[in-house]
Amino acid sequence: MSRPISLQVYVSPELAARVRVAASTNGLRVSEWLRGVVLRACADEVGVTSDRNILIRLYRQSLFSMVGVDALLAGHADHALRERVHTAFTARCRAAGVAETADEGSDHEA
């Protein structure tokens, strides 16, 4: 097995701080995080900026769908249906081990 080669780059203190935060947020050491960024860039995969844009677009689409479904439930003839859907959603989140927050549809306000 060949020995890894160290690459060196100089960055501003601000960029260094941002890299450290990004690595920490992903639970990685700086070198591991940077290695992943370099590998994706060399493989011409979707870049970090594009990843963020994709996530923002998916979030916006999910939010639109959530608001639309909630509006349909609120206007449904069965007035208890909306409450049952919220209860089922909360149960599914718990079963999946996903933290429950009011931002994700478990808020029961109309």
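Look a little higher up for the structure.
Quick summary incoming for the structure in this document.

1. Here we look at the overall build of the protein
Helix and strand counts for the protein stand at four helices and zero strands. Counting from the amino terminus, helix and strand elements in the protein follow one another as α-α-α-α. When the accessible surface of the protein is totalled, it reaches about 9500 Å², and 60% of it is carbon and sulfur.

2. Re the environment of Arg-20
Here Arg-20 lies in helix α1 (residues 13-25). For the pair Arg-20 and Ser-31, spaced 11 residues apart in the sequence, the C-alpha separation amounts to 9.6 Å.

3. Describing a nonpolar patch on the surface
Together, Tyr-59, Leu-63, Met-66 and Val-67 make up an exposed nonpolar region whose accessible area comes to about 370 Å². Along the chain, Met-66 turns up in helix α3 (residues 48-74). Here Met-66 falls in the partly exposed class, since its relative accessible area comes to 32%.

About the criteria used
Starting afresh in each chain, residues are numbered from 1 along the sequence in its written order. Only residues with pLDDT of at least 70 get local features here, since the model is predicted, and only at 80 or more are side-chain atom pairs given and counted; chain-wide, interface and lining totals rely on the full set of residues. Based on all heavy atoms of the structure, the side-chain values leave hydrogens and waters out of the count. Each helix is a run of H or I in the DSSP string that is no shorter than four residues. Each strand is a run of E no shorter than two, and both are numbered from the N terminus. Using a 1.4 Å probe, accessible areas were evaluated by the Shrake-Rupley method; residue-level cover was limited to the displayed protein chains. Patches here: salt-bridge-free residues with over 30% relative accessible area, like charges joined within 9 Å, nonpolar side chains (Val, Leu, Ile, Met, Phe, Trp, Tyr) joined within 5 Å. Here, a salt bridge means any side-chain nitrogen of Lys or Arg that lies within 4 Å of a carboxyl oxygen of Asp or Glu. We call a residue buried when its accessible area falls under 20% of the maximum for its residue type, exposed when it is over 50%, and partly exposed in between, using a 1.4 Å probe and counting protein chains only.

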